[in-house]
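Each chain is listed here by its residues.
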Amino acid sequence: MTFAAGSGHPGGSLSYADIVAALYFKVLNHRPGQPAWEDRDRLVLSKGHAAPVYYAALAESGYFPVSELVNLRKLGSMLQGHPSRSRTPGVEMSTGSLGQGLSVSNGIALAAKLDRKDHRIYCLCGDGEMESGQIWEAAMLAAHYKLDNVTTFVDRNRLQIDGPTEEVMSVEPLAKKWEGFGWHVIEIDGHDMRQILDACGAARQVKGKPTVIIAHTVKGKGVSYMENSIAFHGKAPNEQELIQGLRELGEDA
Amino acid sequence: MSRPLASQRKEYGRALVEIGQARPDVVVLDADLSTSTRTSDFAKKFPDRFFNCGIAEQNMMGTAAGLAASGKTVFASSFAVFATGRCWDQVRQSIAYPKFNVKIVASHAGITVGGDGASHQTAEDIALMRTMPNMTVIVPADAPETYKAVKAVVDRPGPCYVRLGRVDFPVVTTADSPFEIGKAAVMKEGEDVTLVGTGQMVAVCLDAAEELRTRGVSAEVLNMSTIKPLDKARLLSSTERTGAVVTAEEHNVLTGLGSAVATVLGENHPVPMSCVGIPDTFGESGESEELMVKYGLTSDMVVTAAERAIRRKGK
């Protein structure tokens with residue numbers, strides 16, 4: 001997708017790929033043929049630049065044809081560089097300006113409580129986003145209003161555009177911060193499908209407080225030259241890299 | 001001229017309670033200023049549908065977006081300086097871009113905030129909100145119009161910004177005066193110059209028109225309570241007839257009503273124009289009336305501006 005677009009964010013998409021796959025194909029209660037179904041679980045991609053993996057999951061789920069994916073970032077396409085709610089079926093919220101998705105998730109969660117609905121809200125954040133103050137405003141609100149229908153993921157791939165998170169702006173001790181803000185904290189290997197599914201199951205059992213799942217991941221996971229590479233945060237592979245990458249992921253090149 | 005004074009905020013609180021009764025989908029958010037903005041009236045009546053977000057306006061706007069995404073009609077209130085400037089990106093990204101039904105009703109706009117000084121005054125909020133696609137911008141002239149504007153935004157799809165003052169404003173409309181979003185009201189007919197006011201400057205324009213009358217000048221006064229979408233038809237039909245225009249706003253003179261009017265006239269039918277507003281400067285502490293005088297928001301200033309515009313006719 002990013003090859004066809006000539007730009008995009010492959011690294012941070014691959015670090016989230018296992019989690020997004022788990023959510024769309026195992027966890028979410030949703031109806032791709034009926035995107036506005038009111039009892040659906042909601043997923044807000046706060047880390048909007050992971051749009052490629054998000055769109056891939058939406059397409060494979062059936063929200064729109066897989067053939068649409070090559071139009072990522074093209075003029076007139078439904079697939080904007082960052083998610084746009086008004087253009088893409090299945091996209092719950094327009095995101096891209098980092099740090100805002102958890103506030104929106106909280107709003108959706110408050111509405112669910114008001115309407116006595118038991119659908120769940122999944123908010124997918126990046127670890128660089130933890131540097132944004134609004135995340136912590138939202139963390140406070142979710143705990144204050146006991147939003148146990150909210151599950152937040154943090155894609156802890158440890159890299160952001162300018163370098164390792166702990167060099168750019170330390171986010172550790174991350175688990176203690178969330179605990180301090182009144183959240184139930186689970187830490188997992190974000191590439192272990194069993195751990196992802198178990199964590200989602202555990203989050204459903206927690207009452208009276210929201211849950212954060214800190215997922216330790218590898219940026220560019222599955223593609224040797226992208227793994228742990230800052231260069232592939234916001235750069236598309238060239239043709240040769242694309243062929244190698246698809247082979248390594250077990251796809252037809 | 002002395003006119004009775006009345007509170008816009010009180011009318012907001014009253015309208016909101018009525019809306020809450022009629023519309024179970026309406027939810028209200030505030031950022032620790034609910035007694036000042038008067039969303040506290042709603043909070044007392046409908047505690048389940050009121051959420052205080054604390055001193056965190058960015059989070060409040062995002063939360064409003066999420067509620068709206070689930071079909072709620074959301075009112076979010078704070079002081080104008082915080083409800084627009086502090087969270088501009090959140091309003092842009094999370095509310096205006098996805099066209100959510102969030103009504104930002106902000107009090108303490110302009111310079112008549114008074115003693116709190118420049119940190120709490122705002123002369124930029126109209127500019128900040130009108131530059132954003134999908135946003136409707138309304139500046140009610142007085143208390144009765146505030147009530148009608150708040151009632152009107154509930155039924156208008158998409159994001160709206162309603163700008164209110166802290167102090168009681170002179171009453172220039174009645175409960176029966178027509179109000180429609182996007183429509184300017186002719187407050188007084190005239191032939192020689194059009195005075196376009198917004199907010200409490202409508203009252204100032206009416207005073208100026210009275211003074212101009214004693215000087216043999218017939219001034220038309222428009223209440224431009226909707227800044228966006230601007231009532232181009234009414235503006236042009238008036239200025240094409242009078243041939244001169246003055247705008248008056250309690251806002252930075254560079255970027256608000258005056259700019260909006262100038263663009264329409266410049267593109268369609270330029271006439272001599274003068275703009276009355278807060279000079280491009282920060283305010284300061286003081287009594288509201290003192291600040292209005294010091295920063296040039298008086299009927300004398302409007303009269304002078306009108307005479308200047310009229311002198312340039314035909315030149």
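Residues numbered from 1 in each chain as written. Chains lettered and ligands numbered in written order. Predicted model: local features only at pLDDT ≥ 70, side-chain atom pairs only at ≥ 80, totals over all residues. Heavy atoms only, no water.

Caption draft 1: Representation of the overall build of chain A. Across its full length, chain A carries 10 helices and 7 strands. The C-alpha radius of gyration of chain A comes to 17 Å, within 12% of the 18 Å expected for a compact globule of 253 residues. With the C-alpha coordinates of chain A rotated into their principal frame, the extents come out at 50 × 45 × 30 Å. Burial statistics for chain A: of 253 residues in total, 56% are counted as buried. Counting contacts in chain A only where the partners sit at least 6 residues apart, residues at least 24 apart contribute 74% of the total. In the structure as shown, chain A presents an accessible area of about 10200 Å², 49% of it carried by carbon and sulfur atoms. Within chain A, one finds 26 positive and 30 negative side-chain charges whose respective centroids are separated by 6 Å. (Helix = DSSP H or I, 4+ residues; strand = E, 2+ residues; numbered from the N terminus. Rg over C-alpha atoms; globule rule 2.2 N^0.38 Å. Buried < 20%, exposed > 50% of the residue type's maximum accessible area, 1.4 Å probe, protein only. Contact = heavy atoms within 4.5 Å. Areas by Shrake-Rupley, 256 points an atom, 1.4 Å probe, with all protein chains shown as cover. Lys, Arg positive; Asp, Glu negative; His and termini not counted. Charge placed at Lys NZ, Arg CZ, Asp CG, Glu CD.)

Caption draft 2: Region of interest: the pattern of salt bridges. Residue and element names in this part refer to chain A. Considering all chains together, one arrives at 26 salt bridges over all chains under this definition. Here D39 makes a salt bridge to K117, at a shortest N to O gap of 3.0 Å. Of this pair, D39 sits in the loop between α3 (17-27) and β1 (42-45) while K117 sits in the loop between α5 (101-114) and β2 (121-126); the two residues are 78 residues apart in sequence, bridging distant segments of the chain. The class of K117 is partly exposed, set by a relative accessible area of 26%. With a shortest N-O distance of 3.3 Å, D198 and R194 are connected by a salt bridge. Note that D198 and R194 are positioned in helix α9 (residues 193-205) at a spacing of 4 residues, about one turn of the helix. Among the residues examined, R194 registers a relative accessible area of 52% and is labelled exposed. Members of the salt-bridge network, linked through shared partners, are D127, R156, R158, E166 and E172. (Salt bridge = Lys/Arg side-chain N within 4 Å of Asp/Glu carboxyl O.)

Caption draft 3: Local environment of the pairing of strand β7 (residues 211-216) of chain A. Residue and element names in this part refer to chain A. Judged by how many residues are buried, β7 sits mostly within the fold: 5 of 6 residues are covered. Taken together, the 6 bridges between strand β3 (residues 150-156) and β7 define a ladder with parallel strand orientation. Bridge pairing in β7 places V154 opposite I214. Pairing of strand β6 (residues 184-189) with β7, which is carried by 6 bridges, proceeds in the parallel orientation. (Pairing = 2+ DSSP bridges.)

Caption draft 4: Structural view of the packing of helix α10 (residues 232-242) of chain B against helix α11 (residues 257-268) of chain B. Residues and elements named next belong to chain B. Orientation of α10 relative to α11, taken along the N-to-C sense of each, is 65°, at an axis distance of 11 Å. The element α10 and its partner α11 pack so that their crossing is right-handed. Where α10 approaches α11, its residues K232, L235, L236 and T239 are matched on the opposing element by V261, V264, L265 and N268. In terms of residue class, the contact of α10 with α11 is made up of 5 nonpolar, 2 polar and 1 charged. (Axes fitted to C-alpha atoms, helices over the stretch in contact; angles between N-to-C directions. Left-handed = near helix turned anticlockwise from the far one by under 90°. Nonpolar A, V, L, I, M, F, W, Y, C, P; charged D, E, K, R; others polar.)

Caption draft 5: Structural view of the side chain of N106 of chain A. Tracing the sequence through the fold places N106 of chain A in helix α5. For N106 of chain A, a relative accessible area of 0% gives the class buried. A distance of 3.0 Å separates the side chain of N106 of chain A from the backbone oxygen of A138 of chain A, its partner in a polar contact. Apart from the residues lying within four places of it in its own chain, the contact partners of N106 of chain A are A138, L141, A142, L147 and V150 of chain A together with N59 of chain B. (Polar contact = N/O pair within 3.5 Å; in protein donor to acceptor, adjacent residues only side chain to side chain.)

Caption draft 6: Examining the environment of F42 of chain B more closely. All names here are of chain B. On the secondary structure map, F42 appears in helix α3 (residues 40-45). A relative accessible area of 0% places F42 in the buried class. Every residue in contact with F42, bar those within four places of it in the chain, is listed here: L16, V17, G20, V26, V28, R49 and F50.

Caption draft 7: A look at helix α6 (residues 133-144) of chain A. The end-to-end C-alpha distance of α6 of chain A, which contains 12 residues, comes to 17 Å, matching closely the 16 Å that a straight helix rising 1.5 Å per residue would cover. Summarising burial for α6 of chain A: 9 of the 12 residues are buried, a large majority. By the burial criterion, the buried members of α6 of chain A are Q134, I135, W136, E137, A138, A139, L141, A142 and A143 of chain A. Lining the buried residues of α6 of chain A we find α5, β2 and α8 (174-180) of chain A together with α4 (57-69) and α6 (88-96) of chain B. A positive backbone phi angle near 55° is found at K146 of chain A, which sits one or two residues after α6 of chain A. (Expected span 1.5 Å × (residues − 1).)

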